[in-house]
Amino acid sequence: MASELEPEVQAIDRSLLECSAEETAGKWLQATDLTREVYQHLAHYVPKIYCRGPNPFPQKEDMLAQHLLLGPMEWYLCGEDPAFGFPKLEQANKPSHLCGRVFKVGEPTYSCRDCAVDPTCVLCMECFLGSIHRDHRYRMTTSGGGGFCDCGDTEAWKEGPYCQKHELNTSEIEEEEDPLVHLSEDVIARTYNIFAIMFRYAVEILTWEKESELPADLEMVEKSDTYYCMLFNDEVHTYEQVIYTLQKAVNCTQKEAIGFATTVDRDGRRSVRYGDFQHCEQAKSVIVRNTSRQTKPLKVQVMHSSIVAHQNFGLKLLSWLGSIIGYSDGLRRILCQVGLQEGPDGENSSLVDRLMLNDSKLWKGARSVYHQLFMSSLLMDLKYKKLFAVRFAKNYERLQSDYVTDDHDREFSIADLSVQIFTVPSLARMLITEENLMTIIIKTFMDHLRHRDAQGRFQFERYTALQAFKFRRVQSLILDLKYVLISKPTEWSDDLRQKFLEGFDAFLELLKCMQGMDPITRQVGQHIEMEPEWEAAFTLQMKLTHVISMMQDWCALDEKVLIEAYKKCLAVLMQCHGGFTDGEQPITLSICGHSVETIRYCVSQEKVSIHLPVSRLLAGLHVLLSKSEVAYKFPELLPLSELSPPMLIEHPLRCLVLCAQVHAGMWRRNGFSLVNQIYYYHNVKCRREMFDKDIVMLQTGVSMMDPNHFLMIMLSRFELYQIFSTPNYGKRFSSEITHKDVVQQNNTLIEEMLYLIIMLVGERFSPGVGQVNATDEIKREIIHQLSIKPMAHSELVKSLPEDENKETGMESVIEAVAHFKKPGLTGRGMYELKPECAKEFNLYFYHFSRAEQSKAEEAQRKLKRQNREDTALPPPVLPPFCPLFASLVNILQSDVMLCIMRTILQWAVEHNGYAWSESMLQRVLHLIGMALQEEKQHLDSVTEEHVVTFTFTQKISKPGEAPNNSPSILAMLETLQNAPYLDVHKDMIRWILKTFNAIKKMRESSSTSPVAETEGTIMEESSRDKDKAERKRKAEIARLRREKIMAQMSEMQRHFIDENKELFQQTLELDASASAVLDNSPMVSDTTLTALGPAQTQVPEQRQFVTCILCQEEQEVKVESKAMVLAAFVQRSTVLSKNRSKFIQDPEKYDPLFMHPDLSCGTHTGSCGHIMHAHCWQS
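In this convention, every chain numbers its residues from 1, walking through the sequence in written order. The predicted origin of the model limits local features to residues at a pLDDT of at least 70 and limits the giving and counting of side-chain atom pairs to 80 or more, whereas totals for whole chains, interfaces and linings rest on all residues. To get the side-chain values, take all heavy atoms of the structure and skip hydrogens and water.

**Some details on the overall build of the protein chain**
- The helix and strand tally for the protein chain stands at 50 helices and 13 strands.
- Burial classification: accessible surface area is computed with a 1.4 Å probe over protein chains only, and a residue below 20% of its type maximum counts as buried, one above 50% as exposed, and the rest as partly exposed. Within the protein chain, the proportion of its 1179 residues that are buried is 52%.
- A contact between two residues is defined here by any heavy atoms of the two lying within 4.5 Å. Taking the contacts inside the protein chain whose residues are at least 6 apart along the sequence as the reference set, 76% of them involve residues at least 24 apart.
- Only the protein chains shown count as covering a residue, and every accessible area follows the Shrake-Rupley method with a 1.4 Å probe. Of the roughly 56,600 Å² of accessible surface on the protein chain, 51% is carried by carbon and sulfur atoms. Think of it this way: any DSSP run of H or I at least four residues long counts as a helix, any run of E at least two long counts as a strand, and we number them from the N terminus.

**Quick notes on the packing of aromatic side chains**
- Here the aromatic set is Phe, Tyr and Trp, taking the six-membered ring for Trp, and pairing holds for ring centres within 6.5 Å; pairs whose planes are under 30 degrees apart are stacked, those over 60 apart are edge-to-face, and all others are tilted. Overall, the coordinates contain 34 aromatic pairs when judged by the stated rule.
- Ring centres of Phe374 and Phe388 lie 5.6 Å apart, and the angle between their planes is 70°; on these two criteria the pair is classed as edge-to-face. Of this pair, Phe374 sits in helix 15 (residues 364-376) while Phe388 sits in helix 16 (residues 382-394), and the two are 14 residues apart along the sequence.
- Phe388 gets classed as buried once you look at its relative accessible area, which sits at 0%.
- Of the aromatic side chains, those joined through ring pairs into one cluster are Tyr370, Phe374, Phe388, Phe392, Tyr396 and Phe422.
- Just above the ring of Phe57 sits the side chain of Lys60; from NZ or CZ to the centre is 5.0 Å.
- Across from the ring centre of Tyr403, 4.2 Å away, lies the NZ or CZ of Arg473, which sits over that ring. In this analysis the charged atom, NZ for Lys or CZ for Arg, is taken to sit over a ring once it is within 6 Å of the ring centre and within 35 degrees of the ring normal.

**Focus: the sheet that holds strand 3 (residues 227-232)**
- In this description, strands pair whenever DSSP reports at least two bridges between them. With antiparallel pairing, the three strands of this open sheet are ordered in space as 4-3-5. Each edge of the open sheet is held by one strand with a lone partner, namely strand 4 (269-275) and strand 5 (300-304). If you compare each strand with its neighbour and ignore which way they point, the axes differ by 30° on average.
- Where strand 3 lies against strand 5, five bridges are found, and the strand directions are antiparallel. Paired with Leu231 across the bridge in strand 5 is Val300.
- Axis geometry follows a simple rule: fit a line to the C-alpha atoms, using only the stretch in contact for helices, then measure angles between N-to-C directions, giving values from 0 to 180 degrees. Against the sheet, helix 10 (residues 254-267) touches strand 3 and strand 4, its axis set at about 135° to strand 4.
- Each of strand 3, strand 4 and strand 5 is contacted by helix 12 (residues 305-324), which is oriented at about 95° to strand 5, the strand it contacts most.

**With respect to the pattern of salt bridges**
- For salt bridges, the criterion is a side-chain nitrogen of Lys or Arg within 4 Å of an Asp or Glu carboxyl oxygen. Applying the stated criterion across every chain yields a total of 50 salt bridges.
- A salt bridge links Glu807 to Arg137; the shortest N-O distance between them is 3.9 Å. Taken together, the residues span a long stretch of sequence, with Glu807 in the loop between helix 36 (793-798) and helix 37 (814-817) and Arg137 in the loop between helix 6 (125-129) and strand 2 (138-142) at a distance of 670 residues.
- Residues Asp329 and Arg332 are paired through a salt bridge, measuring 2.6 Å at the closest nitrogen-oxygen approach. Here Arg332 and Asp329 lie together in helix 13 (residues 329-340), a separation of three residues that amounts to about one turn. The exposure classification of Asp329 matches that of Arg332, with both residues buried.

**Details of unusual backbone geometry**
- Even without being glycine, Glu629 reaches a positive phi, approximately 65°.
- Tracing the chain through its elements places Glu629 in the loop between helix 26 (613-627) and helix 27 (630-633).
- Within the chain, Glu719 stands out as a residue other than glycine whose phi angle is a positive 60°.
- Tracing the sequence through the fold places Glu719 in the loop between helix 31 (707-717) and helix 32 (721-725).

**Structural notes on the pairing of strand 6 (residues 586-591)**
- On strand 6, burial follows the alternation: Ile587, Leu589 and Ile591 on one face are buried, whereas Pro586, Thr588 and Ser590 on the facing-out side are not.
- By the bridge criterion, six bridges tie strand 6 to strand 7 (residues 594-599) in an arrangement that is antiparallel. Looking across to strand 7, one finds that Ile587 is bridged to Thr598.
- A loop of two residues connects strand 6 with strand 7, the two strands running antiparallel in sequence, and Cys592 in this loop sits at a positive phi of about 55°.

**Describing helix 5 (residues 82-92)**
- Burial in helix 5 covers these residues: Pro82, Gly85, Phe86 and Leu89. All buried residues of helix 5 project into a common sector of 90° when viewed along the axis, lining one side. Relative to its buried face, helix 5 has exposed residues pointing more than 90 degrees away, namely Ala83, Phe84 and Gln91.
- Contacts made by the buried residues of helix 5 are with helix 4 (58-78), helix 8 (185-206), helix 12 and helix 13.
- Measuring from the side-chain oxygen of the N-cap residue of helix 5 to the backbone nitrogen of Ala83 gives 3.0 Å; that N-cap residue is Asp81. The directions considered for the arc are those from the helix axis to the C-beta atoms. Pairs of N or O atoms are called polar contacts if they sit within 3.5 Å, as long as, within protein, a hydrogen donor faces a hydrogen acceptor (for residues adjacent in sequence, only side-chain-to-side-chain pairs).

**Some details on the packing of helix 3 (residues 34-49) against helix 12**
- Put simply, helix 3 and helix 12 touch, their axes get as near as 9 Å, and they point 100° apart. Relative to helix 12, the element helix 3 lies roughly perpendicular. Residues Leu42, Ala43, Val46 and Pro47 of helix 3 form the contact with helix 12, whose own contacting residues are Ser306, Ala309, His310 and Phe313.
- Amino acids outside the nonpolar list (Ala, Val, Leu, Ile, Met, Phe, Trp, Tyr, Cys, Pro) and the charged list (Asp, Glu, Lys, Arg) are all regarded as polar, and Gly is one of them. Grouping the constituent residues of the contact of helix 3 with helix 12 by class yields six nonpolar, two polar and no charged. Throughout this description, any angle smaller than 35 degrees is read as roughly parallel, any larger than 145 degrees as roughly antiparallel, any in the 65 to 115 degree range as roughly perpendicular, and the remainder as oblique.

**A word on the nonpolar core**
- Among buried residues, those of type Ala, Val, Leu, Ile, Met, Phe, Trp, Tyr and Cys that are joined through side-chain atoms within 4.5 Å constitute a nonpolar core. Ranked by size, the top nonpolar core spans 282 residues in total, and within it Phe195, Phe313 and Phe500 carry the most contacts.
- Not counting the four nearest positions on each side in its chain, Phe195 is found in contact with Leu77, Arg200, Leu321, Ile324, Ile325, Leu331, Ile334, Leu335 and Val338.
- By size, the runner-up hydrophobic cluster in this structure holds 21 residues, among which are Tyr227, Cys229, Val242 and Val264.

**A few points about helix 38 (residues 850-866)**
- One less than the residue count of a helix, multiplied by 1.5 Å, gives the span that helix is expected to have. The end-to-end C-alpha separation of helix 38 is 24 Å, in line with the 24 Å expected for 17 residues at 1.5 Å each.
- Within the span of helix 38, buried status applies to Gln853, Ala856, Glu857, Gln860 and Arg861. All buried residues of helix 38 fall inside an arc of 125° around its axis, so they share one side. Away from the buried face of helix 38 by more than 90 degrees, exposed residues Lys855, Glu858, Arg865 and Gln866 are located.
- Close packing links the buried residues of helix 38 with helix 35 (774-788) and helix 40 (918-941).
- Positive backbone phi, approximately 60°, marks Arg868, located one or two places after helix 38.

**Topic: the side chain of Gln541**
- Residue position: Gln541 is located in helix 24 (residues 535-556).
- Contact partners of Gln541, with chain neighbours within four places excluded, come to Met514, Ile548, Glu689 and Met690.

**Digging into the confidence of the model for the protein chain**
- Per-chain confidence: the protein chain averages 85 in pLDDT, with 87% of residues scoring 70 or above.
- pLDDT expresses, on a scale from 0 to 100, how confident the predictor is about each individual residue. Predicted confidence for residues 1-9 stays below pLDDT 50, and this span has six contacts to residues more than four positions away or in other chains.
- This stretch, residues 1008-1041, has a pLDDT under 50; its non-local contacts, to residues over four places away or in other chains, come to 57 contacts.

**Overview of the environment of Glu751**
- Along the chain, Glu751 falls in helix 34 (residues 740-762).
- Exposure remark for Glu751: the relative accessible area of 13% places this residue in the buried category.
- The spacing of Glu751 and Arg923 is 172 residues in sequence and 7.1 Å in space, taken between C-alpha atoms.
- Setting aside anything within four residues of it in sequence, one finds Glu751 in contact with Ser917, Ser919, Met920 and Arg923.

**Considering the environment of Leu77**
- For Leu77, the location among the structural elements is in helix 4.
- Note on Leu77: relative accessible area 0%, which makes it buried.
- For the pair Leu77 and Asn193, spaced 116 residues apart in sequence, the C-alpha separation works out to 8.8 Å.
- With near-sequence residues (within four places) excluded, Leu77 lies in contact with Phe86, Leu89, Val187, Arg190, Thr191, Ile194, Phe195, Ile324 and Leu331.

**A short note on the packing of helix 34 against helix 39 (residues 895-909)**
- Following both chains from N to C, one finds helix 34 and helix 39 inclined at 140°, their axes separated by 13 Å at the closest point. Viewed along their axes, helix 34 and helix 39 adopt a mutual orientation that is oblique. Note that helix 34 runs across helix 39; the crossing there is left-handed. Between helix 34, through Ile750, Met753, Leu754 and Ile757, and helix 39, the contact on the second element is made entirely by Met897, Ile900, Ile904 and Trp907.
- For the contact of helix 34 with helix 39, a count of residues per class yields eight nonpolar, no polar and no charged. Crossing chirality is assigned from the near helix's rotation relative to the far helix, an anticlockwise turn below a right angle marking it left-handed and a clockwise turn marking it right-handed.

**Some thoughts on the environment of Gln526**
- Mapped onto the fold, Gln526 is located in the loop between helix 23 (494-514) and helix 24.
- Residues Gln526 and Arg669, spaced 143 residues apart in sequence, show a C-alpha to C-alpha distance of 6.6 Å.

Dropping the structure here:
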């Protein structure tokens, strides 16, 4: 057919080439109705140039279009030969300071990590090489196509917005200068006329939906019966399906079918058959029939050749407009005016609006062409960029809905232009204030997620394929919200505050729908049959992570906004969980004389959710109250009195208990979906707004409640309350229950609970929780990562959380904490931790996985052995808490905490009778170490007028209360120091005892009583002195409270004998261990050595100081001092008896000092060795 048409086409070409562009332009200049004249010209010539056969001839078509259609327009616009007219316009134009180069797919782009306002600000290669950013830290990527170079945009760069080329254009620029002043009025009028007609024509024909007839003013007189069977692209069918279908439908070879399919994929549509209507309709029916079995059929239209011709020229025309406006900023301004001018139909009737709202109906090629035109016109003119942004925001909901129902990738949607608008700080701020953009984005997002459960929470469980597809597409709205928030305001207006808080309200509604979603129940008996859907909820959480962080950053910038946001967030949380006790059975818990009312709730039996974004947002805002000091400046404006700490801690605590139970193997039957959720909960991508915030929320709760109450509630949630509240429960439990799994589970739960307490007290490196800054936080992360092993740069970056700008902050601090070891011939360069940073290592760092913790412990112990140090890994010295969290440390010295410590140590002392683990003991030792470090810091920083209220050393020196009368924690530690089965922990126990003595020394030195011993001699005291230290109350406190102690004297005397029995046994054990050490040393008499001879000098007498066990007063032993006595117990003894059967007739008259030769019985006198004032004993 093509060969038959060839002579006819050539004949037409000759007649067409005889037409003159200059004459046509002249006719148009004299026409009274220019629109009608131009439309007639197009109606006559366009079908003669385009679509003359089954295959296009692009070069010929372009040549004829330039000669017959575009040429007259250029003549008309310039009023002279365009070869002279356009250079004149270009010369008169002031060159733009914006680059605006539109990137092609795969083109390299550069972003400066130091100067870019956000990661979307990029430069083309030419601008980058000519800018200051080439010497900075930069990121190089390849473009996906569609964006443009931001060189010259002062809002995109903190420094160096211009390259050398565009800097030349800024010297004489006045920001408000109208570019039309460089054009004559005639040129302006002609340009306006031709742009208005041609732009309207292009929009009208591209959005035309009829397949067989043209608009009335473009209809031809003679209409031929020539049609195209037009195949359109979709993202549903595969290449193979399309190729196979085409081979059957149009009877082509596989090679031709591959060519068709490739063009359809690239351009969005392609004619696959040319001929009369019947011929094309037949091909269409075959294609539809073959592709509609499993999915929706391929889109196919039978279109008249003249419509296809006009649409092809419409695309050519838009490209032509894009190139013409490049000659002059004035021409660009006119095109923008034409595009945004409202039509006769009012709202959304401008040409730009019509194109945007029909975006999803256009094919891929048409979309790309008009998007590029928008970028080179509307987005390059600062005045009209703002007006276009307003139009885009007003139509946002409709555009996003079109995108969600469309199946093309986002890069081919007009919705993708949001990145060019929302990332401009001034535009984003203006759209939030004037168009309420934040609220619009969030509400649009929520409108597409209508699948909810009975409580109104998102439900992804029974998603259909279509709902899952929509969910994937609607996630792009979260990206738009991120773009809007990425640049923080420096100044707040009342309007901005109001609209941001309205957006914050909408955001809270979104989080409310996520609070408690995907609840899970422990599977008992048999394994779960079907793995539940969990990925959608976590995908949503991951996408929102940076948005949640940025919301908090915005709130932190303005005190009024922060206070209001805090109130709103608390109100929503109370709506979600205000009635968390409803329907639950109330119970009362009691340990160590403390009682608390709570509810009976078992994580292992009830529903529990890992998704708690409202709680976590409130935790973040609470920290900001502390960090910004708003909590101290305006306490009356905050609802702190309304806070219910038990409500705040309940759900985060359940979540952490769930993790502990999963680690204990109690949820194995719930399958991998739960394991994956726990993994991501702790993973670097999610933890900042999940796990970390749960810890902060518990810290918030503990800081506002009695630590004893908190610990009892925690024991109850961990299902360990019975073990620690019932005397000897552990022994009974281990003897009665033989099931190893249950014993192991309980041990793991106790370990996890102790780990949680360590985290609550030790994790204070978030600014606002502890007195630190963001740099300290990053340093600590790096120190602990490098404590595991030396790491390469890339490995280290992956282990650190990224902010919204994809920055970790590592480069700013790495040199302070690590050395870089250059690579050898092979291998990678590695960062190694500086030795002086090892002291900051915390074995129970909360971001360690179990494997990482084990590796770090092994690496640090190995390092200590190499340095010939003991292998103890004591807790590091921590920064002080901020005032809002200061009371947190009291958890370490609370009665319930001491009870837990004492119980576990007792299990370890009597290690055969109880089910316990070394990990459990190691955590208790770590907690004791933390408490000692805390007390030491309190003593170091205390001033004269303040009394140190943290008295952990005193409390661990006291034995347990009746009826148990267990030894003191200190005594048990000394016992464990020599236990052969705890060899690995000896160094840690030794460190604890050494630190205890150092604190004791500090307390003694701060008192007024004389102190004779040095710290060294204290460390080498005999076992008797150690026993004294166990009971010793701090001297200065004893003197202040003398009357109180004396009032309790009678009570102490009543229990004195029982207590001494226990202490006496410990003394024997300590004496035995001490004597074993002294066995090999030379014997030395206890009497004072005296020198004789001519050079004899006076021997100084040794001064002896003793402390009264009752009044705690210390005095020197002298003849003139008050009398000191020892309590003694005299009893009958038959240890050496030779006649045990002999019975004493009258015991009252028997003289124990006179012993019968048969040694039937003797006298034994025993004393505890504790010294008292004679008058104290008598009173």
